[in-house]
Amino acid sequence: MDEPPVDPTVLGGPPPDGGRYGTDLFAPDQTGEGERIDYGALAYDTATRARLTALGVGPGWRCLDVGAGTGTISRWLADEAGADEVLALDRDPRFVHAPPVGRLRVMAADVTDPNLAPGRFDLVHCRFVLMHLREHADVLARLADWVAPGGWLVVGDAVDLTTADSPHDAYRRTMAAMWQVLQERIGTDITWVTRYPQCLHDLGLLGVGAEVLLPPLTVDAPITAFWTNTWHSLRDALETSTTLERGELDNALDYLSSSTLADLSPGMITAWGRRPRP
């Protein structure tokens, strides 16, 4: 069987049939969804915290965390970084678990709403959201507008520069099938994310930088658990996919838990830029 081209498109805005992240796939009330998100946070939070620390986040800052997920970065900003104010924004913020009082507030809102105006912030952070949105360019521009003069916009999304060359057939083909299913079902696109530095420059931001992290894909690693849980969540869609042969998904899942695992995971690109002062 010829392999489908690897189309690293994942988790986007509504395609023509109306599918959407969080409704057609990965619904918040699906069993284990919070745990799945937490595994992703465990894989990437250390790098995100290091980048935000390097940009100087701390006391005196007002911060907006867009697509807060389970709230790990929002709580870190409030409790450890010591930001004066943190707003955790998510369409469904049930997993944020913010305390009833304190510097962390929660807002249930859709970032694609053109009327949304949460204010101006010294830091606007948005991770694994824009790749989900068909209107990502418009939303990115809106995020930049929410940055106060002298403040920072930090955005991150999935990037797959590695799995097309995996020597393990089932792993490579399952990853490719996953990207295709997600593109078809919910319209995700990560083919553009390597242009983040130019996008931020074109929005007038200064001090633009970017970095890519590939977390270690070992049997006991959080990213391995994330892919395992993600593929289990997508089992029905993957098994009806025309790109996988019978048994390939289970073969790939077995590989992730095997002592023979020796591969690379997709990673995360993080980009940042500063809004100039008047």
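For the structure, see preceding data.
The present account deals with the structure reproduced in this document. (Residues numbered from 1 in each chain as written. Predicted model: local features only at pLDDT ≥ 70, side-chain atom pairs only at ≥ 80, totals over all residues. Heavy atoms only, no water.)

With four of five residues buried, strand β1 (residues 62-66) is to be regarded as a mostly interior element. The pairing of β1 with strand β2 (residues 85-90) spans five bridges and is parallel. Directly across from Cys 63, in β2, lies its bridge partner Val 86. Read from β1 through helix α2 (residues 72-79) to β2, the crossover connection turns out right-handed. (Buried < 20%, exposed > 50% of the residue type's maximum accessible area, 1.4 Å probe, protein only. Helix = DSSP H or I, 4+ residues; strand = E, 2+ residues; numbered from the N terminus. Pairing = 2+ DSSP bridges. Right-handed = clockwise from strand over helix to strand, strands pointing away.)

A word on the side chain of Thr 243. Tracing the backbone through its elements, the reader meets Thr 243 in the loop between α7 (235-239) and α8 (248-256). Looking at Thr 243, the relative accessible area reads 8%, which means it is buried. Of the polar contacts made by the side chain of Thr 243, one reaches the side chain of Ser 241; its length is 2.8 Å. (Polar contact = N/O pair within 3.5 Å; in protein donor to acceptor, adjacent residues only side chain to side chain.)

This brings us to the layout of surface pockets. Taken as a whole, the largest pocket spans an internal volume of roughly 960 Å³. Taken together, 50 residues make up the lining of the largest pocket; nearest its centre are Tyr 21, Gly 67, Phe 128, Val 129 and His 132. Secondary-structure elements contributing two or more residues to the lining of the largest pocket are α1 (33-54), β1, α2, β2, β4 (121-127), α4 (169-186) and α6 (222-233). Per element, the largest residue contribution to the lining of the largest pocket is six residues, and it comes from α1. (1 Å grid on protein atoms, 1.4 Å probe; cavity = no way out; pocket = protein on both sides within 12 Å on 5 of 7 lines; lining within 4 Å. Points joined across faces, edges and corners; volume = space filled by probe spheres on them.)

All right, on to the packing of α4 against α8 then. The interhelical angle for the contact between α4 and α8, taken along N-to-C directions, is 115 degrees, at an axis separation of 8 Å. One element, α4, and the other, α8, form an angle in the roughly perpendicular class. The two elements α4 and α8 cross, and the hand of that crossing is left-handed. Contacts between α4 and α8 involve Ala 170, Tyr 171, Arg 173 and Thr 174 on the former and, on the latter, Glu 248, Leu 249, Asn 251, Ala 252, Tyr 255 and Leu 256. Partitioning the contact of α4 with α8 into residue classes produces six nonpolar, two polar and two charged. (Axes fitted to C-alpha atoms, helices over the stretch in contact; angles between N-to-C directions. Parallel < 35°, antiparallel > 145°, perpendicular 65-115°, else oblique. Left-handed = near helix turned anticlockwise from the far one by under 90°. Contact = heavy atoms within 4.5 Å. Nonpolar A, V, L, I, M, F, W, Y, C, P; charged D, E, K, R; others polar.)

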